[in-house]
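A closer look at the structure
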Amino acid sequence: MKEFNLSDFNKKRILIDDVFKSKNKTVEVAGWVHNSRDLSKVKFIILRDFSGIIQITGIKGKTNEKIFKDMEKIPRESVIYVSGKIVDSKQAPGGKEINPEELIVINKSEELPIDVPFNPSDDSKTELPKRLDYRFLDLHRKKIQAIFKIQSEIANSFREYFYKQGFVEVFLPSVISSSSEGGTDLFEVRYFEQKAYLAQSPQLYKQMLACSPLEKVFTITPVWRAEKHNTIRHLNESRQMDIEVAFANQQKIMEYEEEVVKHIIKRVVEKCGEELKILKVNLKIPKAKYLSYDEAVKLLKIKHGEDFSPENEKELDKKFPDTIVFAHSWPASIKPFYIMPKDAKADAKLSEGFDAIYKGLEITSGGQRIHIPELLEKRIKAKGLNPKHFKAYIDSFRFGAPPHAGWSIGLERLTQLIVGEKNIREAVLFPRDRDRLTP
């Protein structure tokens, strides 16, 4: 039996999915042992790679004796190389199998520390915390792969939509000198001789860019929030999909969100049908409903000036299923300092800010921003903050800043809702929360 040579293999390898279309009689494949069976005179290995699965069938008296014997000793999830003949088989998955002429165990797996089910749609018997400890192994499951293939399509579709709309993709700092949003829940880091923080949001920087001749910008970026919560809907590190647009008001920016979310869902339905099937998700392109905050308060029967609770968000989903609910014109008192008050008045009761709720969960908070330095200083002070800490930000609006607006969608949260998971950690490859810093 020859030694495994990676350089030679790269020249000759064929993906498993392509085996079923190949006109060659002999192929070379490699992957993970998904399952195996020993029927004494016939031995089977189900081999899996990124593209699919195929059956490797050894037959006593026909297959090389050593290969036939070795087939019974290979543990699940071991990485193996197989060279052999393609044979038609009605019993094999996909109607073809490989009769091995060479078999090399590249890396033998130890006993699995978590349950990795054979069937794509089966749930693991291992609890989530331990699965996350072994996330690299949890990803051997088709169900988990499906979540992150869909997440990849969400990000790609987001980019696709805004590139077509003439936006410019930008890349912004993750280390900042002061709070982006006026809160105190920041992660402090050493930055040479200075104190610095991990960014809570790209908010201030994307505004500066929208106020430049770039006008329309978007980014997908990590953000960090040092909030000491431990819920199924929050993370301490996440990725945001953000846009900012010059000469746009609250209404225009909500319309952008309506269209991009519909586009994302459409693309996921078109391109991830197999993944949705594995996850047992029946995904529909949503409608949109626009409600003022005052209308929403009456509908939900809550006090004016209150934020929506998780129960309120779920109630909106029940009243408007398969719908993105845009609740706009919120009280200025519960929106960030940079959201424009109605009629650009510092003492206005309402603002040009909105929230978007989809599938019973807030996916966005956004709105029109303040572009007038004097008004911005007043709003910063009204929030109990010091304008000196935001000098560079305020000064960026002193040299011809236009009206502008923007929003942010959490990538993991949108993924969680689309794939139908209850815990947001299922939609993060390697979650970071209050209790988890590894792997």
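What comes next concerns the included structure. The numbering scheme is per chain: residues are counted from 1 as the chain's sequence reads. Reporting of local features is limited, given that this is a predicted model, to residues whose pLDDT is at least 70; pairs of side-chain atoms are given and counted only at 80 or more, and all residues count toward the totals for whole chains, interfaces and linings. Calculated side-chain values reflect all of the structure's heavy atoms, with hydrogen atoms and water omitted.

Structural notes on the overall build of the protein
Let me state the cut-off plainly: Helix and strand assignments come from DSSP, with helices taken as H or I runs of at least 4 residues and strands as E runs of at least 2, each series counted from the N terminus. Note on exposure labels: buried denotes an accessible area under 20% of the residue type's maximum, exposed denotes more than 50%, and partly exposed covers the range between, all computed with a 1.4 Å probe on protein chains only. It only takes one pair of heavy atoms within 4.5 Å for two residues to be counted as in contact. Here the open area of atoms and residues is found with the Shrake-Rupley method and a 1.4 Å probe, where only the protein chains shown may cover a residue. Under this rule, positive means Lys or Arg and negative means Asp or Glu; His and the chain ends count for nothing. Throughout, a charge is located at the NZ atom of Lys, the CZ atom of Arg, the CG atom of Asp or the CD atom of Glu.
If you tally the helices and strands in the protein, you get 14 helices and 16 strands. In the protein, buried positions account for 51% of the 439 residues. Counting contacts in the protein only where the partners sit at least 6 residues apart, residues at least 24 apart contribute 67% of the total. Taken as a whole, the protein presents about 22,000 Å² of accessible surface, with 50% of it coming from carbon and sulfur. One finds the centroid of the 74 positive side-chain charges in the protein at a distance of 2 Å from the centroid of its 64 negative side-chain charges.

Examining the packing of helix H6 (residues 142-164) against helix H8 (residues 250-271)
Let me state the cut-off plainly: All axes are obtained by fitting lines to C-alpha atoms, using only the stretch in contact for helices, and the reported angles, taken between N-to-C directions, cover 0 to 180 degrees. Just so you know how the angles are binned, under 35 degrees is roughly parallel, over 145 roughly antiparallel, 65 to 115 roughly perpendicular, and the rest oblique. For any pair of crossing helices, the crossing counts as left-handed if the nearer helix is rotated counterclockwise from the farther one by less than a right angle, and right-handed if it is rotated clockwise.
Between H6 and H8, the least distance of the axes is 9 Å, while the angle of their chain directions is 130°. On the basis of the axis angle, H6 is oblique to H8. Between H6 and H8 the crossing geometry is right-handed. Facing Ile150, Glu153, Ile154, Ser157, Phe158, Glu160, Tyr161, Phe162 and Lys164 of H6, the residues of H8 in contact are Tyr256, Glu259, Val260, His263, Ile264, Arg267, Val268 and Lys271.

Concerning the pairing of strand S4 (residues 79-88)
Under the convention used in this document: At least two DSSP bridges between two strands are required for those strands to pair.
Pairing of strand S1 (residues 26-38) with S4 involves seven bridges; the strand directions are antiparallel. By the bridge assignment, Trp32 is partnered in S4 with Val79. As paired elements, S4 and strand S5 (residues 96-107) share ten bridges and run antiparallel to each other. Among the inter-strand pairings, Val87 is bridged to a residue of S5, identified as Glu97.

Some thoughts on helix H10 (residues 293-300)
This is how the line gets drawn: What the arc measures is the spread of directions leading from the helix axis to the C-beta atoms.
Taken as a whole, H10 has its buried residues at Tyr293, Ala296, Val297 and Leu300. When H10 is viewed along its axis, its buried side chains cluster within an angular range of 100° and face the same direction. Residues of H10 that are buried in the fold lie against strand S12 (287-292), helix H11 (310-319) and strand S13 (323-328). Phi turns positive one or two residues past the end of H10, at Lys301, with a value near 60°.

What is shown is where atoms sit, not what they do.
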